[in-house]
Amino acid sequence: MQEFQLRILPLKDNDFALELYQCAYKKAGEKKRPAAKRIGRVKGHSLVLIRQAVYQTLKANNYDPKTLSYKRSTPYILSEESGVNLAILFQAVQPLRKESKIVNIRDGIMAMSNEEAHYWFAKISNGKRSPALKAMRVLLGE
């Protein structure tokens, strides 16, 4: 199973951003595993619009959503399924500003099956990132 971490990045005025990291596998013979790779960051209005999806993800991973605060320094460890869903969500809504599109994309991604989410994650991570994100935004944004 692949491990993901959701980290809180404190900003000014008690505000924060969320960053999602994909942890690398520890290879045989290595003492430490390589550093985690940042997948995406969400802050501001986009974060407010997707917070219900973040709360659902935290609950699914046995965390209390009330612990989501700018004061938290420990990352949340997420399952592969949760991490994949948040990864495509963060990357899909990052550049968007239109509220209705963000909400539609959020709802579409959270309703995806595990296989469908992994398909989009693979397209975004290993394939051609921009065309895959554009296709997903068109498909879910309407």
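Placed above this text is the structure.
Cut-off values and rules
Residues numbered from 1 in each chain as written. Predicted model: local features only at pLDDT ≥ 70, side-chain atom pairs only at ≥ 80, totals over all residues. Heavy atoms only, no water. Pairing = 2+ DSSP bridges. Helix = DSSP H or I, 4+ residues; strand = E, 2+ residues; numbered from the N terminus. Contact = heavy atoms within 4.5 Å. Salt bridge = Lys/Arg side-chain N within 4 Å of Asp/Glu carboxyl O. Buried < 20%, exposed > 50% of the residue type's maximum accessible area, 1.4 Å probe, protein only. Axes fitted to C-alpha atoms, helices over the stretch in contact; angles between N-to-C directions. 1 Å grid on protein atoms, 1.4 Å probe; cavity = no way out; pocket = protein on both sides within 12 Å on 5 of 7 lines; lining within 4 Å. Points joined across faces, edges and corners; volume = space filled by probe spheres on them. Nonpolar A, V, L, I, M, F, W, Y, C, P; charged D, E, K, R; others polar. Core = buried A, V, L, I, M, F, W, Y, C linked by side-chain atoms within 4.5 Å. Parallel < 35°, antiparallel > 145°, perpendicular 65-115°, else oblique. Left-handed = near helix turned anticlockwise from the far one by under 90°.

**Q** What's the story with the pairing of strand β1 (residues 4-10) in this structure? I'm lost.
**A** Looking down a regular strand, the side chains alternate between one sheet face and the other. As paired strands, β1 and strand β2 (residues 16-22) are joined by seven bridges and run antiparallel to one another. When the sheet's bridge partners are listed, Arg7 is paired in β2 with Glu19. Hairpin remark: β1 followed by β2, antiparallel, with five residues in the connecting loop; positive phi at Asp13, about 55°. As defined by bridge partners, β1 adjoins strand β4 (residues 76-78) across three bridges and the pair is classed as antiparallel. Among the inter-strand pairings, Leu6 is bridged to a residue of β4, identified as Tyr76.

**Q** Is there a simple way to think about the side chain of Asn85 in this case?
**A** Here Asn85 shows up in helix α2 (residues 80-93). Apart from the residues lying within four places of it in its own chain, the contact partners of Asn85 are Ile109 and Ala117.

**Q** Is there a simple way to think about the pattern of salt bridges in this case?
**A** Oppositely charged side chains are able to pair whenever their charged atoms sit close together. Across all of its chains, the model carries three salt bridges by this definition. A salt bridge links Glu19 to Arg41; the nearest nitrogen and oxygen atoms lie 2.5 Å apart. Of this pair, Glu19 sits in strand β2 while Arg41 sits in strand β3 (residues 37-42), placing them 22 residues apart in sequence. Given the relative accessible area of 28%, Arg41 is considered partly exposed.

**Q** Would you explain the sheet that holds β3 in this entry?
**A** Sheet strands pair by backbone hydrogen bonding; their relative direction is either parallel or antiparallel. Strand order in the open sheet made by the four strands is β3-β2-β1-β4, with antiparallel pairing throughout. In the strand order of this sheet, the two ends are held by β3 and β4, each with one partner. Taking the axes of each pair of neighbouring strands and ignoring which way they run, one obtains an average angle of 25° across the sheet.

**Q** Which parts of the structure should I look at to understand the layout of surface pockets?
**A** The gaps left among the atoms become clear once a water-sized probe is rolled over them. There is about 170 Å³ of room inside the largest pocket. As for the largest pocket, its lining consists of Arg41, Val42, Lys43, His45, Ser46, Gln94, Leu96, Arg97 and Ile102. Where the lining of the largest pocket is concerned, the elements lending two or more residues are β3 and α1 (44-60). When the residues that make up the lining of the largest pocket are grouped by side-chain class, the tally is three nonpolar, three polar and three charged.

**Q** What should I look at first to understand the nonpolar core in this one?
**A** Taken as a class, soluble globular proteins show a tendency for nonpolar side chains to be buried jointly. Judged by nonpolar contacts, the single largest core of 38 residues is most densely connected at Leu6, Leu18, Leu20, Ile88, Ile109 and Met136. If you tally residues by element for this core, the top one is α2, at eight residues. Once you skip the residues sitting within four places of it in the chain, Leu18 turns out to touch Leu6, Arg7, Ile8, Gly40, Arg41, Val42, Leu47, Val54, Leu68 and Phe90.

**Q** I'm lost on the packing of α2 against helix α4 (residues 114-126) in this one. Help?
**A** Packed helix pairs are characterised by how far apart their axes lie and by the angle those axes make with each other. One can describe the packing of α2 onto α4 by two numbers: an axis separation of 9 Å at closest approach and a directional angle of 55°. As far as their axial angle goes, α4 and α2 are oblique. Judged by the twist between their axes, the crossing of α2 over α4 is left-handed. Between α2 and α4, the residues in contact are Glu80, Glu81, Val84, Asn85, Ala87, Ile88 and Gln91 and Asn114, Ala117, His118, Trp120, Phe121 and Ile124, respectively. Residues belonging to the contact of α2 with α4 are distributed by class as follows: seven nonpolar, four polar and two charged.

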